[in-house]
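Here are the chains, one letter per residue:
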Amino acid sequence: FRHILALERMSRTELIAVLVLGCMGYLALGSLSIVIGYFLSRVALLYDPDAAGGWQEALALLGSLDPGRWALGMVAAGVVSYGLFFVMLARYRRTY
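These notes cover the structure that comes with them.

Analysis parameters
- Residues numbered from 1 in each chain as written.
- Predicted model: local features only at pLDDT ≥ 70, side-chain atom pairs only at ≥ 80, totals over all residues.
- Heavy atoms only, no water.
- Helix = DSSP H or I, 4+ residues; strand = E, 2+ residues; numbered from the N terminus.
- Rg over C-alpha atoms; globule rule 2.2 N^0.38 Å.
- Buried < 20%, exposed > 50% of the residue type's maximum accessible area, 1.4 Å probe, protein only.

**Section: the overall build of the protein chain**
- For the protein chain, the count of helices and strands is three helices and zero strands.
- Along the chain direction, N to C, the helices and strands of the protein chain fall in the order α-α-α.
- In terms of overall size, the protein chain is more extended than a compact globule, its C-alpha atoms giving a radius of gyration of 17 Å where 96 residues would be expected to give roughly 12 Å.
- Along the longest, intermediate and shortest principal axes, the C-alpha atoms of the protein chain span 50 × 30 × 15 Å.
- Residues counted as buried form 27% of the 96 residues belonging to the protein chain.

Functional significance is not addressed by these values, which are geometric in nature.
If you want it as structure tokens, here you go:
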């Protein structure tokens, strides 16, 4: 996502913040997408449409794991980071 940022307008601190927020956000959304993909593959393999799951089921699955609170906390922090990344992106997006 660096190619869409106007890096020359950012200070070093802002650049690091944007990169960290973006990486954390994409990692959180990617992990949720993997869980949702797992649900969808179960639907395809078992021919059971009731086995489908979305965001709610993905978060419930993460919460049911042994480190459930930590997993949900990490995902929540990642989703907040993703939102903050888009706030920064609104300010520093490269326009042509």
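Right, picking up where we left off after that structure.
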